[in-house]
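This is what each chain is made of:
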Amino acid sequence: MNTTTYSEHVATRQRTTESALAVAGFDAVVIQSGSPFTYFVDDMDAPFHPTPHFAHWTPLEGPLHLLHVRAGQKPRLVRVAPEDYWYEQAALGTPFWLSEFDVVNVTSAENAWKELTIGARTAYVGDLPAQATRAGIATEAQNPDALVKRLDWERSRKSAYEVSCIEEAQKLGARGHLAARGTFLEGGSELDIHHAFVTAVGCTDDDLPYPTIVALDEKGAILHYHKKRTTKNGRVLLADCGAQVHRYASDITRTWTTKKADPDFSGLVTALDQIQRDLCALVKPGLAYLTLHHTAHVKIADLLHATGLIRARGEDAVKLGLTHPFFPHGLGHFLGLQVHDVSGRQTAPEGGSTPPPKHYPFLRTTRTIEEGQVFTVEPGIYFVEMLLRPHRAGPLADMFAWSKIDALAGHGGIRIEDNVLVTRDGHRNLTRSALHA
């Protein structure tokens, strides 16, 4: 990891946080790394995910740590390392980020708070407000919206350090996808393909940024298909799988076919891949993400018409709603510390929300594209019977070629997804450079 870019990242966090604190009326903020989550009426903890605002500063793993950010001072990081013989006790060592903080080690959350001097104008961001109250932080200063919204807004502009983490996650994800494809072509089951992915990445399921979507044939029409079954020798594989580095994610989807697939479906895969490349080529600062999404519908309408699935093309088909059953989700979302990263619909640094239009209800990003953003571009074509069914006897039934649709329905669906970084004059495709496919 490049320590220079990380130092610049922390310096930017200090500057933008100081600015956010001043506007929100605070002098300091305590950000907690999060608490373990135990399942209801159970003694099992869910996999731990740190508070994203904490992870934005440091990749230190584990719950209950405290980060104290004050104007004009080096941030203090209180690391909670309990003495516990049930779990591995890993020494901190000398990680690349260590010198950026005033680090104190304690053995309990109670002792952690004792290492901080809490002023009257201190805010708290975290999921344990009761601890903040006991430490003297006022209730109205706990997760204050005026501060949190500005911190969220800053997360949508990635630093060089963050981009490098996402790029490394792309390389790991690409390695996994190629292994998954190889297992698919060998006739492996969905479970075999999943195992091939995680083995190539070198992680456990808990280390993934999200559960893998590994769908053979008709299961590809289930947008978030997470079951791991024994079906093998598929004609089509839709694999939506990512990796993470220092909690920064890649989110990559590819659709592969074998010679057993209908040539028309294989042709759709090739054509949608080109549409996805064309959409990525349009990415540049100043373009509304909604415009990019609408363009995807127009291009998909032309493809569906050219393949003989619908009987209208372009804008006319989109206005009639013919593309929606085939492409029911948004074109993409912000990507970073969260797979569906924050502030995609945020109107301004101070907050507000810009909802998607009614005809595109699932669009996660309504912002204007800006330099430094990282987001996904993931058009899809699916054969989802519950979405197609209302049209079979509806007023537009004759606009669909039902026999052809039914012939391809068993192939499930197609999604092609890349992660792109917006640059000053355009974009850089982070996924294609890693996957080459």
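Would you mind going over empty space enclosed by the protein with me for this structure?
Once rolled over the atoms, a probe with the size of a water molecule shows which space is left empty. Applying the stated criterion across every chain, the model contains 1 cavity of 30 Å³ or more. Around the largest cavity sit R13, T16, T17, I31, H53, H56, W57, L151 and E154, which together line it. Going through the elements one at a time, α1 (3–24) and α5 (145–155) are the ones with two or more residues in the lining of the largest cavity. Within the lining of the largest cavity, the residues separate by chemical class into 3 nonpolar, 4 polar and 2 charged.

Which parts of the structure should I look at to understand unusual backbone geometry?
Most peptide bonds take the trans configuration, and most residues that are not glycine carry a negative phi. Phi at N143 is positive, roughly 50°, even though this residue is not glycine. Tracing the sequence through the fold places N143 in the loop between α4 (129–134) and α5. At S343, a position not held by glycine, the phi torsion is positive, near 70°. As for its position among the elements, S343 is in the loop between α10 (314–320) and β11 (346–348). The buried category is assigned to S343, whose relative accessible area is 9%.

Teacher, can you tell me more about the sheet that holds strand β10 (residues 252–257) here?
Hydrogen bonding along the main chain pairs the strands of a sheet, whether they run parallel or antiparallel. The strand order across the open sheet formed by 3 strands is β6-β7-β10, and the pairing between neighbours is antiparallel. Both edges of this open sheet fall to β6 (213–216) and β10, since each of them pairs with a single strand only. Geometrically, the sheet is characterised by an average inter-axis angle of 10° between neighbouring strands, direction not taken into account. Examined bridge by bridge, strand β7 (residues 236–241) and β10 share 6 bridges and lie antiparallel to one another. In the strand pairing of β10, D240 is matched with T253. Strands in contact with helix α6 (residues 160–185) are β6, β7 and β10; relative to β10, the strand with the most contacts, it is inclined by about 20°. Its contacts with the sheet place helix α7 (residues 190–201) against β6 and β7, and it is angled at close to 145° to β6.

Looking at this model, I keep getting lost on the layout of surface pockets. Mind explaining?
Empty space within the largest pocket amounts to approximately 1,300 Å³. Residue lining of the largest pocket: 36 residues in total, with F48, E61, G62, P63 and E88 positioned closest to the centre. Of all the secondary-structure elements, those providing two or more residues to the lining of the largest pocket are β3 (76–80) and β8 (244–245). In terms of residue class, the lining of the largest pocket is built from 19 nonpolar, 8 polar and 9 charged. Approximately 450 Å³ is the volume attributed to the second largest pocket.

Teacher, can you tell me more about the sheet that holds strand β2 (residues 66–70) here?
Read across the open sheet, the 5 strands follow the order β4-β3-β2-β1-β5; overall the sheet is mixed. A strand with exactly one partner marks an edge of an open sheet, and here the two such strands are β4 (102–106) and β5 (122–125). Across the sheet, the mean angle from the axis of one strand to that of its neighbour is 15°, orientation sign disregarded. In this structure, β3 lies alongside β4, joined through 5 bridges in parallel fashion. Note that in β4 the partner of V80 across the bridge is V106. In the packing of α1 onto the sheet, the strands contacted are β1 (28–32) and β2, and the crossing angle to β2 comes to about 75°.

So what exactly am I meant to see when it comes to the pairing of β6 here?
The alternating pattern of β6 places I213 and A215 on one face and V214 and L216 on the opposite face, and all of these are buried. Pairing geometry for β6 and β7, over 4 bridges, is antiparallel. Pairing of A215 across the sheet is with L238, part of β7.

Teacher, can you tell me more about the side chain of T307 here?
By the element assignment, T307 lies in the loop between α9 (289–306) and α10. Separated by 2.8 Å, the side chain of T307 and the backbone oxygen of L303 make a polar contact. For T307, the contacting residues outside a window of four places in its chain are L268 and K404.

Cut-offs used in this document
- Residues numbered from 1 in each chain as written.
- Predicted model: local features only at pLDDT ≥ 70, side-chain atom pairs only at ≥ 80, totals over all residues.
- Heavy atoms only, no water.
- 1 Å grid on protein atoms, 1.4 Å probe; cavity = no way out; pocket = protein on both sides within 12 Å on 5 of 7 lines; lining within 4 Å.
- Points joined across faces, edges and corners; volume = space filled by probe spheres on them.
- Helix = DSSP H or I, 4+ residues; strand = E, 2+ residues; numbered from the N terminus.
- Nonpolar A, V, L, I, M, F, W, Y, C, P; charged D, E, K, R; others polar.
- Buried < 20%, exposed > 50% of the residue type's maximum accessible area, 1.4 Å probe, protein only.
- Pairing = 2+ DSSP bridges.
- Axes fitted to C-alpha atoms, helices over the stretch in contact; angles between N-to-C directions.
- Contact = heavy atoms within 4.5 Å.
- Polar contact = N/O pair within 3.5 Å; in protein donor to acceptor, adjacent residues only side chain to side chain.

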